[in-house]
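# Architecture and fold: a report
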Amino acid sequence: MTQITLRTAVVVPFILIFMITMGSIITVQKFSYEEMVEVVSDKHLTSLTTNVVQKLNYYLEEPFQAALSISHSIGQNNLYQKDNLEVIEKYILSSFESLYQPMSQLGVISFGSEAKEYLGFRKEANNDYSLMLQDNRTDGKLVIYQGNAITPQARAIIDNYDPTVRPWYTPVATHGKATWSSIYTDADERQTITISALAPVIQDEQFVGVIANDIKIHTFNAFLKELKQRTKATIYIFDNEQQLVTHSSDKSVVSWGTPITDKGERLLAIESNNPIIYAMAQFIRPLAFPVQSRLYKFDLVLEGERYFSLVTPYTDHHGLEWYIGVSISEPDLLGALPNNQRLSWSIGIFVSAIGIALGLLAFNRITQPITETAQSARALAYGDWETNMPKPGRIYEISVLVNAFNDMTNNLKASFQTLRNQLLYDSLTNLYSREGLIDCCDKLPALNGSLLLIGINQFRNINDSIGHNRADLLLKDITHRVKQLFNNDAYIARIGGDEFAVYLTEGHDNNELKLLANRVHQVFASPFVMEKNSLVINAAIGVVPNNSELLSMEKWLRNGSIALSNAKHELSNISFYLPEMADISKNRTAMMAKLQTAIENNEFVAFYQPIIDLNTGDVIGAEALARWISPQEGLISPLDFIPIAEEYGFIAEIGEQILRQACRDTMLGTQQGKWGETFHMHVNISAHQLSHQDFINTLTDIISESGIQTHNLTLEITESRIVSGDKIVLDNMQAIQDLGCHIAIDDFGTGYSSLAYLHELPFDCIKIDRTFVEQMKANNLDSSIVSAIINMTKGMKVDIVAEGIETIEQVQMLNSLHCPQGQGFLYSRPVPFEEWPTHLVNIEQ
Ligand code: C2E
Ligand code: MG
Ligand code: MG
């Protein structure tokens, strides 16, 4: 489904409604304005035309009536006498002077006879009259006099003038009735545009001549001009040939002095150089003429201005067919109205634009918080917690919404931050967690420092024995010491229950790193004081030296972890990461898998090594040593699988299997008479087993199951693995002794705990580690560790067994130190029960 934004959803309808409303208002206004304009222009043009028509009627009718009256009087009173125009002359002059003088349009009253006589009076500018005469008195020539009578000076004399061929004469002569002449140019020197009202003179029922009253059409021009000045309307009058009769402009309707004829020709309307007349004529031209009864109303556009135009036919009773064209521009018709109208539309559009802009602004303000909220919600959804929060704005409901969103986001942020802190920081020690270390170190510009991984040995046991609360305190103490050691130069993290990582941003060489690792050991060397008890713990350290190939902390930690598990099997408890360790580590993992099936298949067998009374050479006991007889790989040494079994928590099961076998075999050996009543069967017990609460239950089960006498059983516990102050261990050891079994401290002298807490432990036997036996020299025997141990334990009533006796010299030295017991390859290697030697060669000596 296509989606639109809130802004679009709100703004588009608003703009549409606004535009439709404004559009409708403007359209309706324009429409009504047009209607108004139509009506007003109609009325105005019609009234103008009517004005012109009335004036024209008067203008033309007066001279026409005059012509009729004069012709009638002449005919009635027989004023015409052939060859003598004196009577008519007097009559016409007196009529002109007395009756028709005010008729300004009347220029000439003339009479022409069938006998080709001619008489006319022309009105001059000063209201004088000039006589024009052609009769006997002028010898048949047309003479134009200066005044109204025959005088010696003639203004002009024209020969061969024949009035009967003049355009004012022939129409009447032909039809015998009063009519208009066509429009013609005067024959006189002025050549004015003239139309004549023509009336026949009938005397004694005989047509004798024609009266012609000449109307100087240009005089009408004054009226039109004056009308134009008043109304601003352009007016023109034209005839059927569409030739101009007159118009409201100054220009002449005649084209003067054409090369062909120096006589004036009336212009066609379309030849007018008045642009309005020209345009109207253009419009009219294609119409069919004559069009007597029709009005033409039309609009013209000239230079961006609209002109309302009307063409009306004009006729009179005497056969005149003219047309009156009137045109007026919109502003002339309506004054400032069109401009105001245009201005009001512009203002309307401007106001609409402002309205839309304001509306958009307002909607923007309203939708902004919602849009921002949507944007931040989206950003939050993509995990961008740094995104800008929306601002609530001024709308109540929206601000409630936005504020609620912001509150929710802040809560969410806080929860997220807490969660993240929980992930990135160890809540117990406030150090980085594994994830935290990876997170912040991967942000470093380069990972070219060094890494120390510190693993606390036997922490599981510590935890079990001192309880979680105190183990937590211990961890805090450890954290404190580690932090003090490194100050601020390092990123310190607790990456597991008992593992700390220290990433040093500075690169160190291997010697420096070794030194640092030793200092870590020193930090652990002094006991941790837990309430009343003090606890000695030790740590293994895996070191990853400077390496530019490791690009992520994850890889550093993986290598560190490999180095650390390697360190746990080193005497020094320090191991530098080497690439081949990765393979070893892989092997260990594979071994672990195999161990699991080996346990299920009972592939572990106890081998026995005799323990000898060094004074008598008698076999007084044996140590049970685990062997793994793998169907695929044959016999596997405990050194190869015991550490892994301890690390992965399988040791208890293996230990149980061996203990069970050893007890069973002890019973068997005693029954068979192989071993005496006081035979000591030594069985190795891992610290893991001993730190288990129900170890004693298992032990008693096995004892009762096998039927072994408890005094025949000695449990060996490796010294270095005993955690000082571990209550369960101590309780278990006590319980073992209480059962009647013996306890031997194995590998005595190798543990860091040294002898400091020895008095706290219940034990019956000390086994001096093979390395010390090996180190014995005949020349300084008294200062040997073996000597020191024997001396130290003199008052303790414990057995002492020297391990790893390989030579007769060693036996002799041990004898001289009064070491009571021993074991070693010199007497016998560990052998299966069935191969137990009945005769030990070396003892003979
Ligand atoms: P340990 O308890 O100190 O056992 C003595 C080790 O010294 C045995 O090694 C033994 O074979 C070896 N040994 C004895 N005499 C000589 C000698 O003259 N020269 C030399 N070079 N070595 C001699 P083994 O059997 O390989 O066992 C190694 C360690 O594995 C034992 O040291 C013990 O700590 C552990 N272990 C063996 N069996 C078990 C078991 O069932 N449970 C537990 N928890 N640990 C066991
Ligand atoms: Mg042992
Ligand atoms: Mg040992």
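- Under an unreviewed UniProt entry, the name given to the protein chain is EAL domain-containing protein, and the organism recorded is Vibrio amylolyticus.

### Details of the overall build of the protein chain
- The helix and strand tally for the protein chain stands at 22 helices and 33 strands.
- Projecting the C-alpha coordinates of the protein chain onto the three principal axes gives extents of approximately 210 × 50 × 50 Å.
- Looking at the protein chain as a whole, 48% of its 845 residues are labelled buried.
- For the protein chain, long-range pairs separated by at least 24 residues make up 62% of all intrachain contacts whose partners lie at least 6 apart in sequence.
- Accessible area of the protein chain: about 41900 Å², with a carbon and sulfur share of 53%.

### So, the coordination of the magnesium ion (ligand 3)
- For the magnesium ion (ligand 3), the full set of protein donor atoms is Asp 746 (OD), Asp 747 (OD), Glu 803 (OE) and Glu 803 (OE), at a range of 2.0 to 2.4 Å.
- Site description for the magnesium ion (ligand 3): donor spacing in sequence, D-D-x55-E.
- Between the magnesium ion (ligand 3) and the magnesium ion (ligand 2), the interatomic distance is 4.0 Å, and Asp 746 donates to each metal, bridging them.

### Some words on the coordination of the magnesium ion (ligand 2)
- Distances from the magnesium ion (ligand 2) to its protein donors, namely Glu 623 (OE), Asn 684 (OD1), Glu 716 (OE) and Asp 746 (OD), fall within the range 1.8 to 2.4 Å.
- Donor residues binding the magnesium ion (ligand 2) come from one chain and are separated in sequence as E-x60-N-x31-E-x29-D.

### Topic: the packing of aromatic side chains
- Under the counting rule described, the total for this entry stands at 29 aromatic pairs.
- Geometrically, the ring pair formed by Tyr 33 and Trp 345 is edge-to-face, given 6.0 Å between the ring centres and 80° between the ring planes. With Tyr 33 in helix H1 (residues 6–76) and Trp 345 in helix H7 (residues 337–381), this residue pair connects regions lying 312 residues apart in the sequence.
- For Tyr 33, a relative accessible area of 5% corresponds to the buried category.
- Residue class for Trp 345 comes out buried when judged on its relative accessible area of 14%.
- Measuring from centroid to centroid gives 5.3 Å for Tyr 118 and Tyr 161, while their planes differ by 80°, and the two rings are edge-to-face. Of this pair, Tyr 118 sits in strand E2 (residues 118–123) while Tyr 161 sits in the loop between strand E5 (154–158) and helix H3 (170–175), and the two are 43 residues apart along the sequence.

### With respect to helix H9 (residues 434–442)
- Those residues of H9 lying buried are Gly 436, Leu 437, Ile 438, Cys 440 and Cys 441.
- Buried residues along H9 sit in contact with helix H8 (396–424), strand E18 (490–496), strand E19 (499–504) and helix H13 (553–567).

### Focus: the site of ligand 1
- Close to ligand 1 lie 22 residues; Glu 623, Asn 684, Asp 746, Glu 806 and Phe 825 are nearest.
- Here a nitrogen atom of ligand 1 and a side-chain polar atom of Gln 609 are 3.0 Å apart.
- Between an oxygen atom of ligand 1 and a side-chain N or O atom of Glu 623, the distance comes to 2.9 Å.
- Burial of ligand 1 by the protein chains amounts to 87% of its free accessible area of 790 Å².
- Taken together, the elements giving at least two residues each to the shell around ligand 1 come down to strand E25 (619–630), helix H15 (638–648), strand E27 (680–685) and strand E29 (742–748).
- When its residues are assigned to classes, the shell around ligand 1 shows 9 nonpolar, 5 polar and 8 charged.

### Considering the UniProt feature "transmembrane region" (unreviewed entry) in the protein chain
- With numbering matched to this structure, UniProt assigns "transmembrane region" (unreviewed entry) to residues 6–28.
- Along residues 6–28 the backbone is 100% helical and 0% strand, and the end-to-end C-alpha distance reaches 33 Å.

### Here's the deal with the pattern of salt bridges
- Applying the stated criterion to the full structure yields 21 salt bridges.
- Across the pair Asp 439 and Lys 443 runs a salt bridge, and its minimum N-O distance is 3.1 Å.
- Among the residues examined, Asp 439 registers a relative accessible area of 24% and is labelled partly exposed.
- Here the salt bridges do not stand alone but share partners, grouping Glu 34, Asp 299, Arg 306 and Glu 330 into one network.

### Regarding the pairing of strand E9 (residues 206–216)
- In terms of residue burial, E9 counts as a mostly covered element, since 9 of its 11 residues are buried.
- Taken together, the 7 bridges between strand E1 (residues 106–113) and E9 define a ladder with antiparallel strand orientation. The residue bridging Val 108 from the neighbouring strand is Asp 214, located in E9.
- The pairing of strand E8 (residues 193–203) with E9 spans 10 bridges and is antiparallel. Paired with Ile 195 across the bridge in E9 is Ile 215.
- The hairpin formed by E8 and E9 contains 2 residues between the paired strands, and Asp 204 there has a positive phi angle of roughly 50°.

### Considering the sheet that holds strand E10 (residues 234–239)
- The sheet built from 5 strands is open, its strands ordered E11-E10-E16-E15-E14 with antiparallel pairing. A single partner strand is all that each edge strand has here, and the edge strands are strand E11 (244–247) and strand E14 (296–302). Neighbouring strand axes in the sheet, compared pairwise and without regard to direction, differ in orientation by 20° on average.
- Packing against the sheet, helix H5 (residues 275–284) makes contact with E10, E11, E14, strand E15 (305–315) and strand E16 (321–329), and its axis sits at approximately 130° to E14.

### What about the sheet that holds strand E23 (residues 574–576)?
- Here we have 5 strands laid out as an open sheet, ordered E18-E19-E17-E22-E23, and mixed in their pairing. Edge strands, defined here as strands with exactly one partner in the open sheet, are E18 and E23. Here the average twist between neighbouring strands, direction ignored, is 20°.
- Judged from the 3 bridges that link them, strand E22 (residues 539–544) and E23 form a sheet pairing that is parallel. By the bridge assignment, Gly 542 is partnered in E23 with Ser 575.
- Sheet strands touched by H13: strand E17 (450–456), E18, E19, E22 and E23. Its angle to E22, the strand with the most contacts, is close to 135°.

### What to know about the side chain of Ser 352
- For Ser 352, the position within the fold is in helix H7.
- Judged by relative accessible area, which is 8%, Ser 352 ranks as buried.
- In this view, Ser 352 contacts Phe 18 and Met 22; residues no more than four positions away in its chain are not counted.

### So, the pairing of strand E4 (residues 142–145)
- Burial along E4 is two-sided: Leu 142 and Ile 144 and Val 143 and Tyr 145, pointing in opposite directions, are all buried.
- Pairing of strand E3 (residues 129–134) with E4 involves 2 bridges; the strand directions are antiparallel. From the neighbouring strand, Leu 133 faces E4, where its bridge partner is Val 143.

### Remarks on helix H22 (residues 808–816)
- Taken together, the buried positions of H22 are occupied by Gln 810, Val 811, Met 813 and Leu 814. The buried residues of H22 occupy one face: seen down the axis, they fall within an arc of 165°.
- Contacts made by the buried residues of H22 are with helix H20 (770–775), helix H21 (785–792) and strand E31 (799–802).
- Of the residues trailing H22, His 818 is marked for its positive phi of about 65°.

### Some details on the nonpolar core
- Formed by 81 residues in total, the largest nonpolar core has its most connected members in Leu 60, Ile 88, Ile 92, Tyr 236, Ile 237 and Trp 322.
- The leading source of residues in this core is H1, at 13 residues.
- Once residues lying within four places of it in the same chain are set aside, the contact partners of Tyr 236 are Leu 244, Thr 246, His 247, Ala 269, Ile 277, Met 280, Ala 281, Ile 284, Tyr 323, Ile 324 and Gly 325.

Rules used throughout
- Residues numbered from 1 in each chain as written.
- Chains lettered and ligands numbered in written order.
- Predicted model: local features only at pLDDT ≥ 70, side-chain atom pairs only at ≥ 80, totals over all residues.
- Heavy atoms only, no water.
- Helix = DSSP H or I, 4+ residues; strand = E, 2+ residues; numbered from the N terminus.
- Buried < 20%, exposed > 50% of the residue type's maximum accessible area, 1.4 Å probe, protein only.
- Contact = heavy atoms within 4.5 Å.
- Areas by Shrake-Rupley, 256 points an atom, 1.4 Å probe, with all protein chains shown as cover.
- Donors = N, O, S within 2.8 Å, 3.2 Å for Na, K, Ca; no water.
- Phe/Tyr/Trp six-rings, centres within 6.5 Å; stacked < 30°, edge-to-face > 60°.
- Near = heavy atom within 4 Å.
- Polar contact = N/O pair within 3.5 Å; in protein donor to acceptor, adjacent residues only side chain to side chain.
- Nonpolar A, V, L, I, M, F, W, Y, C, P; charged D, E, K, R; others polar.
- UniProt positions renumbered as here; feature names shortened; annotations may be inferred.
- Salt bridge = Lys/Arg side-chain N within 4 Å of Asp/Glu carboxyl O.
- Pairing = 2+ DSSP bridges.
- Axes fitted to C-alpha atoms, helices over the stretch in contact; angles between N-to-C directions.
- Arc of directions from axis to C-beta.
- Core = buried A, V, L, I, M, F, W, Y, C linked by side-chain atoms within 4.5 Å.

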